[in-house]
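For reference, the chains in residue letters:
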Amino acid sequence: MNRADLKQRAKAQLGGSIFGSVWLYAVLVFFINALIQLVGGQIPLLGRVVGLLLPGPLSYGIAKMLLKQSRDGQAMNVAEMFDGFKDDFGGNFLLHLLMSIFIALWSLLLVVPGIIKALGWSMAYYIKVEHPEYTWKQCLDASTALTNGHKGDLFVLHLSFIGWALLSIIPFVSVYTLPYTESTYALYYSMLRE
């Protein structure tokens, strides 16, 4: 399946229209995620705690929701967004924390090694959803193995959304574009798993 097919399928799964009910439901999920992180960031000490504790579990919940939706078209459930807090909170927290630290350290060498590591580990949350018993290290290793030989394609897939990313500079436009891009990445993960 090529990039155009993946993107077309992602659009179709979101109802085919940016103002369709499925897409708007996904927008609600991403809006809640952005709002939680925005409000947390506005409170000095609490913002740092929120910025440290929430991204991992929320990323897990969103990955779980998108993976279910991309696989069998299940309706999105906003409550699933918070599953990362009850499904191994510590593991999801560590996965995000250590992945962020290691990508930052790789980026200190030069920008390119950081990008390569970020691409290699980009499927870690989907792997965690499918294998909740995995440790953070096993998720990163499995993601590296899964993306081995596909990082170039994944990089080009990311680049193909550059127009959407530029449009996301406008406040709150990203909550409309994120469902599309993230649904495409979930489909790409499913394609790699096959």
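Further up the page is the structure itself.
Please read all numbers here as calculations on a predicted model, not as lab measurements.

What counts and how
- Numbers given for residues are sequential positions, taken from 1 along each chain in its written order.
- In view of the model being predicted, local features appear only for residues whose pLDDT reaches at least 70, and side-chain atom pairs are presented and counted only at 80 or more, with totals across whole chains, interfaces and linings using the full set of residues.
- With hydrogens and water excluded, all non-hydrogen atoms of the structure serve as input to the side-chain values.
- Think of a salt bridge as a Lys or Arg side-chain nitrogen and an Asp or Glu carboxyl oxygen that are within 4 Å of each other.
- By definition, any uninterrupted DSSP run of H or I lasting at least four residues is a helix, any uninterrupted run of E lasting at least two residues is a strand, and each is numbered from the N terminus.
- Classification of residues uses two cut-offs on accessible area relative to the type maximum, computed with a 1.4 Å probe and protein chains only: under 20% is buried, over 50% is exposed, and between them is partly exposed.
- For cavity detection a 1 Å grid was placed over the protein atoms alone, and a set of points counts as a cavity when a 1.4 Å probe fits there but cannot get out; an open set counts as a pocket when protein lies on both sides within 12 Å along at least five of seven lines, with lining residues being those that have an atom within 4 Å of a point.
- Grid points are joined across faces, edges and corners, and a volume is the space filled by probe spheres set on the points.
- Three categories are distinguished: nonpolar for Ala, Val, Leu, Ile, Met, Phe, Trp, Tyr, Cys and Pro, charged for Asp, Glu, Lys and Arg, and polar for the others, with Gly belonging to the last.

### Structural notes on the pattern of salt bridges
All told, the structure shown has seven salt bridges when counted by the stated rule. Where K86 meets D83, a salt bridge forms, and the shortest distance between an N and an O atom there is 3.5 Å. Residue K86 and its partner D83 are located together in helix α5 (residues 83–86), separated by three residues, close to a single helical turn. Residue D83 is classed as buried on the basis of its relative accessible area of 8%. What emerges from the salt-bridge pattern is a single network uniting K64, D83, K86 and D87.

### Examining unusual backbone geometry
Positive phi, close to 60 degrees, is recorded for D88, a residue that is not glycine. A residue is classified by how much of its surface remains accessible, and D88, at 35% relative accessible area, is partly exposed.

### Structural notes on the layout of surface pockets
Roughly 540 Å³ of internal volume is contained in the largest pocket. Looking at the largest pocket, it is lined by 25 residues, and the ones nearest its centre are S59, M99, S122, Y125 and E182. When residues of the lining of the largest pocket are traced back to their parent elements, those giving at least two are α2 (21–42), α4 (55–72), α6 (89–109), α8 (124–130), α10 (151–159) and α12 (174–193). No other element matches the six residues that α4 contributes to the lining of the largest pocket. Classifying every residue of the lining of the largest pocket gives 17 nonpolar, seven polar and one charged. What lines the second largest pocket is a set of 13 residues, and nearest its centre among them are H158, F161, A165, T181 and Y185. Mapped by element, the contributors of at least two residues to the lining of the second largest pocket are α10, α11 (162–167) and α12.

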